[in-house]
Amino acid sequence: MATRRIQRTEESRRLLVTAAAELFAEKGYRQTSFIDIAERAGISRGSIPWHFGNKLGLLEAVLDEQVHGVVTGVAEPAGQRSGDPLAQAIGFIRLPVTRLFITLLAEAVEVDSPIREHYARLHAALRQAVRARLPVQALPPGVTPEAFTVLLVGAVIGVHAQWRVAPEAVDLDAVQAAIRALLPAGLGQT
């Protein structure tokens, strides 16, 4: 019986995290209410504080789950690659989770934003994952891995924002080809 209760608790938590991720991506963190999340999840709104403490705790759970998924996809060391890292970065733009990151970014840049610190940790995790894939020997002299990583993550975020606003005006395949052409030899290759 305890096992069934644990399963129901885990399922409720998963449904709430999924619903919150979708709504935060659609409406933003501040505009999403407990009622919205509970209705989307089909669960009592009282379950949210029981599982997460408060809305910020729920955001942390959403970001933890989403960052884990993203980092897992790109964090293989350079010597153990499976796939083209640049293609993976462009592929990241197409993922639904990227919309969540961009929507939250608009709120995170505000100095008094309750999600600012969490978003900073998200960016740090993304930079660390990209840095782990970076063939440092291919960087031009004077370009640090840290600076290049910030540039690449920023480019992906910027391209994604443009694509979300005007998908008909942004050809992601052409963007990938342009980035590849601009990269030093050895970067963005399998």
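The rules we used
- Residues numbered from 1 in each chain as written.
- Predicted model: local features only at pLDDT ≥ 70, side-chain atom pairs only at ≥ 80, totals over all residues.
- Heavy atoms only, no water.
- Helix = DSSP H or I, 4+ residues; strand = E, 2+ residues; numbered from the N terminus.
- Buried < 20%, exposed > 50% of the residue type's maximum accessible area, 1.4 Å probe, protein only.
- Contact = heavy atoms within 4.5 Å.
- 1 Å grid on protein atoms, 1.4 Å probe; cavity = no way out; pocket = protein on both sides within 12 Å on 5 of 7 lines; lining within 4 Å.
- Points joined across faces, edges and corners; volume = space filled by probe spheres on them.
- Nonpolar A, V, L, I, M, F, W, Y, C, P; charged D, E, K, R; others polar.
- Axes fitted to C-alpha atoms, helices over the stretch in contact; angles between N-to-C directions.
- Parallel < 35°, antiparallel > 145°, perpendicular 65-115°, else oblique.
- Left-handed = near helix turned anticlockwise from the far one by under 90°.
- Phe/Tyr/Trp six-rings, centres within 6.5 Å; stacked < 30°, edge-to-face > 60°.
- Lys NZ or Arg CZ within 6 Å of the ring centre and 35° of its normal.
- Polar contact = N/O pair within 3.5 Å; in protein donor to acceptor, adjacent residues only side chain to side chain.
- Salt bridge = Lys/Arg side-chain N within 4 Å of Asp/Glu carboxyl O.
- Core = buried A, V, L, I, M, F, W, Y, C linked by side-chain atoms within 4.5 Å.

**Comments concerning the overall build of the protein**
For step 1, the next point in the chain: Regarding its fold elements, the protein presents 9 helices and 0 strands.
For step 2, the next point in the chain: Taken from the N to the C terminus, the helices and strands of the protein come in the order α-α-α-α-α-α-α-α-α.
For step 3, the next point in the chain: Residue burial in the protein is summarised as follows: out of 190 residues, 42% are buried.
For step 4, the next point in the chain: A sequence separation of at least 24 residues applies to 67% of the contacts in the protein between residues at least 6 apart.

**So, the side chain of H160**
For step 1, the next point in the chain: The residue H160 is located in helix α8 (residues 145-165) in this model.
For step 2, the next point in the chain: Setting aside its immediate chain neighbours within four residues, H160 contacts I93, T98, R99 and I102.

**Quick notes on the layout of surface pockets**
For step 1, the next point in the chain: Approximately 170 Å³ is the volume attributed to the second largest pocket.
For step 2, the next point in the chain: Taken together, A21, E22, A25, E26, Q66, L95, P96, V97, R99, L100 and R164 form the lining of the second largest pocket.
For step 3, the next point in the chain: Counting only elements with at least two residues in the lining of the second largest pocket, the list comes to α1 (2-27) and α6 (96-108).
For step 4, the next point in the chain: Tallied by class, the residues present in the lining of the second largest pocket amount to 6 nonpolar, 1 polar and 4 charged.

**Here's the deal with the packing of α6 against helix α7 (residues 116-133)**
For step 1, the next point in the chain: Contact pair α6 / α7: the axes reach a minimum separation of 9 Å and the direction vectors enclose 130°. In this view, α6 runs oblique relative to α7, as classed from their interaxial angle. For α6 against α7, the interelement crossing comes out left-handed. Counting all contacts with α6, which are made through F101, I102, L104, L105 and A108, the residues of α7 involved are R116, Y119, L122 and H123.

**Observations regarding the packing of aromatic side chains**
For step 1, the next point in the chain: The full count for this structure, using the stated rule, is 1 aromatic pair.
For step 2, the next point in the chain: Taking the ring centre of Y29 as reference, the NZ or CZ of K55 above it sits at 4.6 Å.

**Describing the side chain of S113**
For step 1, the next point in the chain: For S113, the position within the fold is in the loop between α6 and α7.
For step 2, the next point in the chain: The class of S113 is buried, set by a relative accessible area of 8%.
For step 3, the next point in the chain: Only 3.1 Å separates the side chain of S113 from the backbone nitrogen of I115, close enough to count as a polar contact.
For step 4, the next point in the chain: Dropping the residues within four chain positions of it, S113 is found in contact with R30, E107 and A108.

**Brief notes about the pattern of salt bridges**
For step 1, the next point in the chain: Tallying each qualifying case throughout the model produces 7 salt bridges.
For step 2, the next point in the chain: Two residues, E11 and R14, come together in a salt bridge whose shortest N-O distance is 2.6 Å. Of this pair, E11 and R14 both sit in helix α1, 3 residues apart, which is roughly one turn of the helix.
For step 3, the next point in the chain: Relative accessible area serves as the criterion here: at 35%, E11 is assigned to the partly exposed category.
For step 4, the next point in the chain: Note on R14: relative accessible area 41%, which makes it partly exposed.
For step 5, the next point in the chain: Here E110 ties to R30 by a salt bridge, and the two come within 2.6 Å at their closest N and O atoms. In this pair, E110 is assigned in the loop between α6 and α7 and R30 in the loop between α1 and α2 (34-41), connecting sequence segments 80 residues apart.
For step 6, the next point in the chain: With a relative accessible area of 30%, E110 lands in the partly exposed category.
For step 7, the next point in the chain: Because the salt bridges share partners, they merge into one network encompassing E22, E26 and R40.

**Details of the nonpolar core**
For step 1, the next point in the chain: Counting residues in each nonpolar core, the largest one holds 49 residues, and the members touching the most others are F24, I37, L58, V62, L100, F101 and L104.
For step 2, the next point in the chain: In this structure L58 touches L16, V17, A20, I37, I48 and F52, once residues within four positions along its chain are discounted.

Note that all results are geometric; they support no functional claim without further evidence.
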